Amino acid sequence: MLNYIISRIFSAFIVIFGVVFIVFMLIHMVPGDPVEVMLGESATAIDREALRHSLGLDKPLWQQFAHFLHGLINFDLGHSLHSKKPITELISARIGPTVELTLASLLVAFIIAFPLGVLAALNKDKFADAGAMSFSLLGVSIPNFLMGPLLILFFSVFLGWFPVSGKSDFSSLILPALTLGTALAAVLSRMIRASLLEILNEDYIRTAKAKGLSRTRIIVIHALRNALLPVITLIGLQIGALLAGAVITEIVFSWPGLGQLTIEAIQKRDYPVVQVCILLISTSYVVVNTLTDIVYGLLDPRIRLA
Amino acid sequence: MIKRILFNVFVIGFFSSLSACTDEHSNTSRDGHFKPDKIIRFGLNTAPVTLDPLQATDAVSGRINRLIYQRLVEFGADNKPVPGITRWQQINAQHYRFTLVKDSLSEFPRFHHKKLLTTHDIKATYEAVLDKNRASPHRNSLKHIERIDVLDEHTIDFYLSRPDPLFPAFLVIGIVPEELLRSGHPFNNKPVGSGVFEFSHWPFDGQLFLRRQSDQQLFEFLKVTNPTVRVLKLMRGELDLIQNNLPPEHIAFLKDHDELKFLTQSGSNYSYLGFNLSDEVTGQVTLRKAIAYALDRDKMIQYALGNAARKANGFFPEQHWAGAQLVSYNLNLKKAVKLMQQLGYSKHKRLQLTYKTSSDPFRIRIATIIQSQLKAIFIDVDIRSYDWGTFYGDIKSGQFQLYSLTWVGINTPDIFRYVFHSDSLPPSGANRGRLNSLKIDQLIEKAEQKYELRKQAEIYQELQQQLHQLLPYVSLWYEDNIAFFREDIQFYRVSSDGNYDGLKNVHRLSQGSI
C-alpha cells in the first residue's frame, strides 16, 4: 500500500510540474504583452525596456521559469505585474471564498443527490424515478449563467430572501452554492442511481434479503456503501473543478474566488499571477484526485494490486 | 465509535469553516463605525488596477484616483485647462509658473496624513514620473519638461525643452507626498493623497472603501461585472449608484422604475471604426467611404445604445476648442453601392472583410450590426472576437482589416500626433491603422509649432477636415454618460467624461444631510 501511495504522490508532482511548465510556455506564446498593456501605446521604447527589465521580462524564458521555480521553493510567489501587490496577498484573499463555495456547493449537491439517486434506484421505472431523473436532467441542462440569474430573480428580487450578489454574510453564500450544487447534484444523482441499481442486483444483496435483514439496513449498510465507490471518483473530480474556480458562477454572483482572479490575470497578461493561479488549481486538482485514488485503493484492494 | 467521532469532527469542521470564511469580507466586519445602510455603494463593471497615480492608465483607476488625489490642472466645459490646486502664468514659450491656490475654506491643500501639500511634493511627483527607472506610462507626455524649480512653498517653475502652449493640460497627475514617495510607499494599494476622499481599506480587488473627509461618509466601490446583476443589486438596494456600461434594454428597464432616479450627460468618449490602411483592400479610400455611407448610425444609436449617444464626426465635438465643423457621412446606400461598384464589387462578386473585436458582449453586438448593414453593399464581414490581450496585440501589430474601439478621456489635440502621425506607428504610438500621409504629418507638426491655442485650433480644424476625407477612422458616436441611483441619493451629477467626481457632493437623504 505504501508503494502505491508513494507512486501516486510522485506522479502528482510530475503532473503539477508539467501543467505549470506548459501554462508558462503557452501564456508567453499567445499574443499580448503585459508591458504594452501596462504602459499603453504612448510609452517610449526606453520606458518599455525599463519596465521590461524591472519586471524581469527581458530575460530568456528558461531563466524566467527558473526564477519562478526558485521563488516557489523559497515561498516567494512574487508580485502582480499590474497592481504590484504581493501574489500571496491576492491569492489569500481569494482562496477562502473559493474553499467556502466549494464546500457549500458539495453540501448542496449531497443533500439533493443522495435522496434523489436512492429514490430513483428504489423506484426504477416508476413515476418517482422518472421525476427524479427529469429533475437531474434539468439540473445538467441549465447552464450556470442562466441558473444564477434565475435564482437571483426568484429568491432575491421577488422573495427578497438573499442578497443578489457579492460576499457579505452567510446568506450571500446560498445562491451561488445552489447554482453550483444543483448542477453537481444532477450528475451525482444519476451516478448514484446507476451504481445502486447495479449493486441491488448482486448476489450478496439477495443473500441479505434471504437472511431477513430490514430493507433500510440492506440499502444503507450493504448497497449504498458499495455503490459509493464510483461516486467517490466523481466527487474527487468535481471538488478539483470547484476549487479551480467556477468562473461563470463567480462572475454572476460577484464572488471573489480564484476563477475570476485567474481569468482577469490571463486577460491582463499578468504572468506571475496566472502561473501561481494555475499552480494552485492544478495542485488542488491533483491532490484531490490523488487522495481519491488512495482512498479508492484503500477501499478496493484490487486497484492497488493492479 | 472512532468512525462516529471522525464523522462528527468532519461535520463540525465543515460548518465552522463555512461560518468562519463567511464574515471575512463582510461589508461591516472591517469597520465597526458604519452599519451597511450608512455606506454609499457605487457599482463598477471593472475594478481599479492601481491607486498609484504615477502608474495608473486604466479608466477606472484614473477616476478613483481623481477622488483621492488632487491635480494641478482640471478641464473646463470647452476642454481647456483650468486651475486645479494651482493657477499658472506663461512666463515665456518654454517657461510656466504655477502657484498653489487656497481652497474654498481659504486653506492650502493638505494630505490625508495631515501634512501640507507644498511645491516640493509637486516637484517630487513630476520628477518621479520623469524618472526612467520608474517607467511611468505618463513619462512620454511630459518628457519635454527640462527642469522643475521650486521658488517657495507655493510657487514652482516648469522649464520646457520646446514651446508647448498645451503644456498645462498635461499636468493632471495626482500629487503624492514627497517623503512617502522617497521612502518607497506603496501608493498602489495604500494611497495617500490630498483629495476629497481618503483611502479606507481594500479587502480585495473588487471591493474598495474610501471615506469622504468632510463628513466621514464611507463609500464602497464594488465590482459587479455582470450588468444584469448590477441592475438587480441597484433595484434591491445593495447598490446605491451605478453609472454607464449598461445595455440599452437595461437602461429602458431602469427608466421605468419610479423608485430609481437617473441622470444623463452628453459624453465625450469617442467610438470609431478603424481600418488597416496598409491592407490592400481596406487601404482604398473609396471602400472606406462606401462603408461610411452604408452604416446607419441613427439606427445603431437608437437600438443598440438606447439613444444614449450622439453621432460623431471626429475626435472632438464641435464645442471643443479644437473641434471642427464636419459634414456627416449619413446613411446613403445608393452612393455606397455606387462606390462599391466602382471598385468592381456586385452581388455576384462580394467582398470578404475580417472584423476583429474584443469578447465584450456590447462590442460583439455592434460588430454584428455592422456586419448586417454591410451586407447591403456586397461586403461579407467575418467577425472574430478575442480576449482583450490578444485583440489589443493584434490591433497594435496591424493584424486586422476592421476593428472598433473607443477613445476615453481625450481632452487635448495632441492625440492627433499620437494616432495619425507616421512616426506614431505602434509601439511608438497609436497609429494602429498605419496611416502614412505627408499632408497629415505636416499639419500636425505645423499645429504644434503655433504658440497660441487659437492658431493651433485653426490648423487642427484643417487637419480634421483632411482626416474626414481620408477616413482612417469612420466616426461612430460619443456615448452619453448615464447614472441610475436610488431615490434617497441626492446631489449626484454626471460629468461628460464619465468620471466619479459627482460623489464629492452626494448624500443620502435619510441621513438628514439636507
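Just so you know, these numbers come straight off a predicted model, no measurement behind them. (Residues numbered from 1 in each chain as written. Chains lettered and ligands numbered in written order. Predicted model: local features only at pLDDT ≥ 70, side-chain atom pairs only at ≥ 80, totals over all residues. Heavy atoms only, no water.)

Details of the overall build of chain A
Here is step 1: For chain A, the helix and strand inventory stands at 14 helices and zero strands.
Here is step 2: What you see in chain A, going N to C, is helices and strands ordered as α-α-α-α-α-α-α-α-α-α-α-α-α-α.
Here is step 3: In terms of principal-axis extent, the alpha carbons of chain A reach across some 85 × 55 × 30 Å.
Here is step 4: Per-residue burial for chain A yields a buried fraction of 51% across its 306 residues.
Here is step 5: Taking contacts inside chain A between residues at least 6 apart in sequence as the whole, the part at least 24 apart equals 75%.
Here is step 6: Per element, the accessible surface of chain A, about 14200 Å² overall, is 71% carbon and sulfur. (Helix = DSSP H or I, 4+ residues; strand = E, 2+ residues; numbered from the N terminus. Buried < 20%, exposed > 50% of the residue type's maximum accessible area, 1.4 Å probe, protein only. Contact = heavy atoms within 4.5 Å. Areas by Shrake-Rupley, 256 points an atom, 1.4 Å probe, with all protein chains shown as cover.)

Digging into a nonpolar patch on the surface
All names here are of chain A.
Here is step 1: Judged by side-chain polarity, F145, L146, L150, L153, F154, F158, L159, W161 and I248 come together as a nonpolar surface patch covering roughly 930 Å² of accessible area.
Here is step 2: A per-element tally of the nonpolar patch places helix α7 (residues 144-158) first, with six residues.
Here is step 3: Turning to its location among the elements, I248 is positioned in helix α11 (residues 247-252).
Here is step 4: A relative accessible area of 43% means that I248 is categorised as partly exposed. (Patch = residues over 30% accessible without salt bridge, like charges linked within 9 Å, V, L, I, M, F, W, Y side chains within 5 Å. Salt bridge = Lys/Arg side-chain N within 4 Å of Asp/Glu carboxyl O.)

Observations concerning the packing of aromatic side chains
Here is step 1: Enumeration according to the criterion identifies 40 aromatic pairs over all chains in this entry.
Here is step 2: Over the ring of W202(B) we find K85(A); its NZ or CZ atom is 3.6 Å from the centre of that ring.
Here is step 3: When the ring centre of Y345(B) is taken as reference, the NZ or CZ atom of K349(B) above it lies at 5.2 Å. (Phe/Tyr/Trp six-rings, centres within 6.5 Å; stacked < 30°, edge-to-face > 60°. Lys NZ or Arg CZ within 6 Å of the ring centre and 35° of its normal.)

Some details on the interface of chain B and chain A
Here is step 1: Each side of the interface is counted separately: chain B has 51 residues, and chain A has 58 residues.
Here is step 2: Contact between chain B and chain A buries roughly 4500 Å² in total, counting both sides, with carbon and sulfur atoms accounting for 55%.
Here is step 3: Across the contact surface, chain B and chain A share two salt bridges.
Here is step 4: Put simply, chain B and chain A have eight residue pairs in polar contact (both at pLDDT 80 or more) between them.
Here is step 5: Elements with a minimum of two residues in the side of chain B that touches chain A: α1 (2-22), α4 (139-142), β8 (197-204), α6 (227-236) and α12 (388-396) of chain B. (Buried area = accessible area lost by both parts, 1.4 Å probe. Polar contact = N/O pair within 3.5 Å; in protein donor to acceptor, adjacent residues only side chain to side chain.)

Things to note about the pairing of strand β17 (residues 473-486) of chain B
In the case of a regular strand, side chains alternate between the two sheet surfaces.
Residue and element names in this part refer to chain B.
Here is step 1: Most of β17 sits out of view: 13 of its 14 residues are buried.
Here is step 2: The sheet contact formed by strand β11 (residues 241-243) and β17 spans three bridges and is antiparallel. Within β17, the residue paired with Q243 across the bridge is A483.
Here is step 3: Pairing between strand β12 (residues 260-275) and β17: twelve bridges, direction antiparallel. When the bridges of β17 are listed, N269 appears paired with E479. (Pairing = 2+ DSSP bridges.)

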